[in-house]
Amino acid sequence: MKNKLVIITGASSGIGKACAEKFAQEGANLVLAARSADKLSEVAENIARYGVQVLPVVTDVTREEDCKNLVEKALIKFGKIDVLVNNAGISMRASFSDLDISVLKKVMDVNFWGTVYCTRYAIASLLENKGSVVGVSSIAGYKGLPGRTGYSSSKFAMHGFFEALRIENMKHGLHVLIACPGFTASNIRNTALAADGSSQGETPRDEQKMMQPEEVAMRIVSAVKYRKDRLTLTFSGKLTVLLNKFFPKWVDKLVYNHMSKEPDSPF
């Protein structure tokens, strides 16, 4: 990855921050995107110690003009894009019957449309450099999760988008990776939206028992280097995807029973 140019969205925390550090360790230059200028600057300063160039760009991926600006600044400074990691994401937790529809729209705007916008503006340079576009998705993109209708919908949409993009460009050298972590320790559950659109504020899960973002980042960087099509993480995640191919109705019951045991489950 030495001297490659990598753009990472949602780079101020969690998987995005860990990916930034791992790519930097591999010698890649970075353009980091997130909404918080302070957090971005902190991450950029920390990563600069690896001797790579880092450009933080304040970006709200729900705004198409912000995504265009992100790519333009990357090209002005570095002249190319080798890897785009679409990591920015938001979750939600509520029964659909109680959900304000604006919550579902907001989740789609961040997770799906943010990915589409960034990929669209970066695609020309990615094709020119036979680069990689990564979608940080979820096991929820393979199996719908109760209480997360908006989140699962956005991840299913991402999968369809990236699979079509891969096939469309299979003769043009574009590498497309769909990375699906299982439950990973991050602040995504703290910032998840409740039924009325407010922040959930407190995770319903034991974060210490989950895969850590540093391990996820290591696996993603490796998958980019070896140009893998798919990356499915955690034992339970892999088992869910496998069993769902053959016993979907049984897995429905397993998922329901598992998710219903969360504290203050919405169903």
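Residues numbered from 1 in each chain as written. Predicted model: local features only at pLDDT ≥ 70, side-chain atom pairs only at ≥ 80, totals over all residues. Heavy atoms only, no water.

Trainee: Would you mind showing me how to read the packing of aromatic side chains here?
Mentor: Centre-to-centre distance and the angle between the planes together describe a pair of aromatic rings. Tallying each qualifying case throughout the model produces seven aromatic pairs. Centre to centre, the rings of Phe-246 and Phe-247 are 6.4 Å apart; their planes meet at 55 degrees, and the pair counts as tilted. Between the aromatic rings of Phe-247 and Trp-250, the centroid separation amounts to 6.3 Å while the plane-to-plane angle is 85 degrees, which identifies the pairing as edge-to-face. Overall, the relative accessible area of 47% leaves Phe-247 in the partly exposed class. Geometry around Phe-78 places Lys-77 over its ring, the cationic atom sitting 5.6 Å from the centre. (Phe/Tyr/Trp six-rings, centres within 6.5 Å; stacked < 30°, edge-to-face > 60°. Buried < 20%, exposed > 50% of the residue type's maximum accessible area, 1.4 Å probe, protein only. Lys NZ or Arg CZ within 6 Å of the ring centre and 35° of its normal.)

Trainee: Just checking my understanding: could you explain the sheet that holds strand S6 (residues 175–180) for this structure?
Mentor: Note on sheets: strands pair through backbone hydrogen bonds, and any given pair is parallel or antiparallel. Read from one edge to the other, the open sheet built from seven strands follows the order S3-S2-S1-S4-S5-S6-S7, with strand pairing classed as parallel. With one partner strand each, in any of the chains shown, strand S3 (54–58) and strand S7 (230–232) form the two edges of the open sheet. Strand-to-strand twist in this sheet, taken as the mean axis angle between neighbours without regard to direction, amounts to 15 degrees. Helix H1 (residues 14–25) contacts strand S1 (5–9), strand S2 (29–34), strand S4 (83–86) and strand S5 (132–136) of the sheet and is inclined by roughly 170 degrees relative to S1. Strands S1, S4 and S5 of the sheet are contacted by helix H4 (residues 101–128), whose axis makes an angle of about 175 degrees with S4. (Pairing = 2+ DSSP bridges. Helix = DSSP H or I, 4+ residues; strand = E, 2+ residues; numbered from the N terminus. Axes fitted to C-alpha atoms, helices over the stretch in contact; angles between N-to-C directions. Contact = heavy atoms within 4.5 Å.)

Trainee: Got a minute to help me understand the nonpolar core in this structure?
Mentor: Among soluble globular proteins, nonpolar side chains are generally buried collectively. Ranked by internal contacts, the top residues of the largest apolar core, which has 49 residues, are Ile-7, Val-31, Met-92 and Val-133. Looking at which element gives the most residues to this core, the answer is H4, with twelve residues. Residue contacts for Val-133: discarding those within four places in its chain leaves Leu-84, Asn-86, Thr-119, Leu-126, Phe-162, Leu-165, Leu-174, His-175, Val-176 and Leu-177. Ile-8, Val-54, Val-136 and Ala-179 belong to the second-largest nonpolar core, a separate cluster that totals 34 residues. (Core = buried A, V, L, I, M, F, W, Y, C linked by side-chain atoms within 4.5 Å.)

Trainee: Just checking my understanding: could you explain the pattern of salt bridges for this structure?
Mentor: Oppositely charged side chains are able to pair whenever their charged atoms sit close together. One pass over the structure, following the stated rule, counts 13 salt bridges. The shortest N-O distance in the salt bridge between Arg-49 and Glu-21 comes to 3.2 Å. Of this pair, Arg-49 sits in the loop between helix H2 (37–47) and S3 while Glu-21 is found in helix H1, placing the two residues 28 residues apart along the sequence. Residue classification places Glu-21 among the partly exposed residues on the basis of a relative accessible area of 22%. Here Arg-219 ties to Glu-215 by a salt bridge, and the two come within 3.0 Å at their closest N and O atoms. Of this pair, Arg-219 and Glu-215 both sit in helix H6 (residues 213–225), four residues apart, roughly one helical turn. Arg-219 gets classed as partly exposed once you look at its relative accessible area, which sits at 30%. Beyond isolated ion pairs, a larger network of salt bridges with shared partners links Lys-22, Glu-26 and Lys-225. (Salt bridge = Lys/Arg side-chain N within 4 Å of Asp/Glu carboxyl O.)

Trainee: Would you mind going over helix H5 (residues 149–168) with me for this structure?
Mentor: Along an α-helix, a turn takes 3.6 residues, which lines up residues three or four apart on a common side. Across its 20 residues, H5 extends 28 Å between first and last C-alpha, which sits within 8% of the 28 Å expected from 1.5 Å per residue. Considered for burial, the residues of H5 that qualify are Gly-150, Tyr-151, Ser-152, Ser-154, Lys-155, Met-158, His-159, Phe-162, Leu-165 and Arg-166. Contacts made by the buried residues of H5 are with S4, H4, S5, S6 and S7. (Expected span 1.5 Å × (residues − 1).)

Trainee: Quick question: what am I supposed to make of the side chain of Lys-155 here?
Mentor: Take Lys-155: it is sitting in helix H5. The contact partners of Lys-155, leaving out residues within four places of it in the chain, are Asn-111, Val-136, Ser-137, Ser-138, Ala-140 and Gly-141.

Trainee: Whenever I open this one, H4 confuses me. Can you help?
Mentor: When the terminal C-alpha atoms of H4 are compared, their 40 Å separation across 28 residues agrees well with the 40 Å that a helix rising 1.5 Å per residue should span. In the structure, H4 departs most strongly from a straight axis at Ala-122, where the bend amounts to approximately 50 degrees. Of the residues flanking the end of H4, it is Lys-130, one or two places downstream, whose phi is positive at about 50 degrees. (Bend = angle between axes of the 7 residues up to and from the residue.)

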